[in-house]
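Breakdown of the fold
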Amino acid sequence: MKIPQTRWSWVEIDRGALRRNMRAYRNLLGPRQRLCCVVKADAYGHGAVECARVMHSAGADMFAVATVKEGIALREGGVSAPILILSEPPVEAVPLLIDHNLMPSVYTVEFALAYGECAVQAGTVGAYHLAIETGMNRIGVHYADVLEFRRSIDFHRGLSCAGVFTHFATADDIDGWDYKLQCRRFDEAVRAMQDAGYDCGTVHCENTAATMLDDSVRYDMVRVGVGLYGLQPCEASRRTMELEPVMSVRARVTRTTRPAMGEGVSYGFTYRVPRTAVQICTLPIGYADGLSRTLSNRMEVLYRGERIRQVGNICMDQCMVAIQQTPIHQIPEAEYGDVVTVIGRDGDACITMDEMAQLRGTINYEVACGFGMRLEKVYL
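Residues numbered from 1 in each chain as written. Predicted model: local features only at pLDDT ≥ 70, side-chain atom pairs only at ≥ 80, totals over all residues. Heavy atoms only, no water.

1. Section: unusual backbone geometry
- A positive phi angle, close to 55°, is found at asparagine 137, a residue other than glycine.
- Structurally, asparagine 137 can be placed in the loop between strand 6 (126–133) and strand 7 (141–142).
- Notably, serine 266 is not glycine yet its phi reads approximately 70°, a positive angle.
- Topologically, serine 266 is positioned in the loop between strand 13 (264–265) and strand 14 (271–272). (Helix = DSSP H or I, 4+ residues; strand = E, 2+ residues; numbered from the N terminus.)

Put into structure tokens, the structure is as follows:
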């Protein structure tokens, strides 16, 4: 493995684990059902272009991103498969959609017609997916208004409906009333369009959790995101499928010291050296790298397969950990350049995204995205 030369902190991306997770999701689908891989937010911090290449070789049919810029980055990275923008961009972005063959989500007449006009001028047809609002109240045409909306735009020769979709707010509870209501509303909207003679293209509504928990509304395609990267979308999904974490986070020790008893560590001296012998080690990773400051004095890392404490306030670019010796627990002192695991496995010990998310009071999605923003990625 090639360790980055410019900074001793990085994320490792296991392409083999990504392929195996892909196969696990493909095995859930019927022969005619398609898999849309969500690679927004730089593939949840894992690197969108490289992950998309792996996913495409493992059977991805389509990719989904959040922004036009993310879609362009995939095209410039050589990704030729269909790319869906999971929201309606500003109308000013329409020429970029045409130039890079990106499909927007559509839910306003003004945007749709502007998109169609630009497509005609370019001598092509603008494919889009109709976003349907069924209860999450985030984006989309209200499910009861889909026929009126289609009548307002489908006359345009520059537009082609390539798909219709909705997004579930409570897919972690498929027996709940809210989830069932969204399913019913979506089905009613799709049937209404089909009965009226409108082509719905690819029909899709299941996100990662729904794909794992409910096979009754898979329609033509499912959209899988966080699970591809080995992270469970909810507690209920853990019982249905084992996933392999794709990302690990590691750093190398850049300094060691043995402060005297009572000396403070880091800003504000929220940690002071106790009576027992303590070695303080500095790691070049901080809250600008995704290691939230809220974890200060509360988290652990792995060193030689042992858990050791993080101490002092986490800084923007660095943090400190303590190797503390006790009569019954002797850990070898660290040396300059020794590897420490922040997320991942070291021997028999493991620290997961879920553990860190629980300490932060958030979800594993946010943890993964944070680590992927600045840290260099090493692909295994």
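2. As for the UniProt feature "binding site: substrate" (unreviewed entry) in the protein chain
- The UniProt record annotates "binding site: substrate" (unreviewed entry) at Arg138 and Met316. What stands out for the annotated residues spanning 179 residues is how far apart their C-alpha atoms range, the widest pair being 33.2 Å apart. Looking only at the residues we just named, the largest pocket is lined by Arg138.
- Along the chain, the position of arginine 138 falls in the loop between strand 6 and strand 7.
- Overall, arginine 138 belongs to the exposed group, its relative accessible area being 54%.
- With residues up to four places along the chain from it excluded, the contact list for arginine 138 reads Glu133 and His167.
- The topology assignment puts methionine 316 in the loop between strand 17 (306–311) and strand 18 (319–324).
- Taking the relative accessible area as the measure of exposure, methionine 316 reaches 42% and is therefore partly exposed.
- In this structure methionine 316 touches Gly286, Tyr287, Ala288, Asp289 and Arg374, once residues within four positions along its chain are discounted. (UniProt positions renumbered as here; feature names shortened; annotations may be inferred. 1 Å grid on protein atoms, 1.4 Å probe; cavity = no way out; pocket = protein on both sides within 12 Å on 5 of 7 lines; lining within 4 Å. Buried < 20%, exposed > 50% of the residue type's maximum accessible area, 1.4 Å probe, protein only. Contact = heavy atoms within 4.5 Å.)

3. Description of the environment of arginine 238
- Its location among the elements puts arginine 238 in the loop between strand 10 (221–224) and strand 11 (247–252).
- For arginine 238, a relative accessible area of 36% gives the class partly exposed.
- As a C-alpha pair, arginine 238 and methionine 212 span 26 residues in sequence and 9.2 Å in three-dimensional space.
- Ignoring anything within four residues of it in the chain, the contact list for arginine 238 reads Gln232 and Asp354.
- Polar contacts involving the side chain of arginine 238 include one to the side chain of aspartate 354, which spans 3.3 Å. (Polar contact = N/O pair within 3.5 Å; in protein donor to acceptor, adjacent residues only side chain to side chain.)

4. Re helix 11 (residues 364–372)
- Among the residues of helix 11, Asn364, Val367, Ala368, Gly370, Phe371 and Gly372 are the ones counted as buried.
- For helix 11, the elements touching its buried residues are strand 1 (9–13), helix 2 (40–44), strand 11, strand 19 (339–346), helix 10 (353–360) and strand 21 (376–379).

5. Points about the layout of surface pockets
- There is about 1000 Å³ of room inside the largest pocket.
- Taken together, 44 residues form the lining of the largest pocket, with Lys40, Tyr44, His167, Asn207 and Tyr365 sitting closest to its centre.
- Breaking the lining of the largest pocket down by element, the ones donating at least two residues are helix 2, strand 6, helix 9 (208–213), strand 10, helix 10 and helix 11.
- Residues belonging to the lining of the largest pocket are distributed by class as follows: 22 nonpolar, 14 polar and 8 charged.
- Grouping the constituent residues of the lining of the second largest pocket by class yields 11 nonpolar, 5 polar and 6 charged. (Points joined across faces, edges and corners; volume = space filled by probe spheres on them. Nonpolar A, V, L, I, M, F, W, Y, C, P; charged D, E, K, R; others polar.)

6. Digging into the side chain of arginine 75
- The topology assignment puts arginine 75 in helix 4 (residues 68–76).
- The contact partners of arginine 75, leaving out residues within four places of it in the chain, are Ser80, Ala81, Pro82, Ile83, His100, Asn101 and Leu102.

7. Describing the pattern of salt bridges
- By the definition in use, this model includes 18 salt bridges.
- Residues arginine 307 and glutamate 355 are paired through a salt bridge, measuring 2.9 Å at the closest nitrogen-oxygen approach. Within this pair, whereas arginine 307 is found in strand 17, its partner glutamate 355 is found in helix 10, the two being separated by 48 residues in sequence.
- What emerges from the salt-bridge pattern is a single network uniting Arg7, Asp289, Asp317 and Arg374. (Salt bridge = Lys/Arg side-chain N within 4 Å of Asp/Glu carboxyl O.)

8. Points about the packing of aromatic side chains
- In total, this model carries 6 aromatic pairs according to the counting rule given.
- Between tryptophan 8 and tyrosine 336, the aromatic rings sit 5.0 Å apart at their centres with planes inclined by 50°, giving tilted as the arrangement. Of the two residues, tryptophan 8 sits in the segment before strand 1 while tyrosine 336 sits in the loop between strand 18 and strand 19, which places them 328 residues apart along the sequence.
- Judged by its relative accessible area of 60%, tyrosine 336 falls in the exposed class.
- Residues phenylalanine 186 and tyrosine 219 carry aromatic rings whose centres are separated by 5.5 Å and whose planes lie at 90° to one another, so their mutual orientation is edge-to-face. A residue pair is termed long-range when its members are at least 10 positions apart, and phenylalanine 186 in helix 8 (residues 177–195) and tyrosine 219 in the loop between helix 9 and strand 10 qualify at 33 residues.
- By relative accessible area, phenylalanine 186 is classed as buried at 1%.
- The class for tyrosine 219 is partly exposed, based on a relative accessible area of 25%. (Phe/Tyr/Trp six-rings, centres within 6.5 Å; stacked < 30°, edge-to-face > 60°.)

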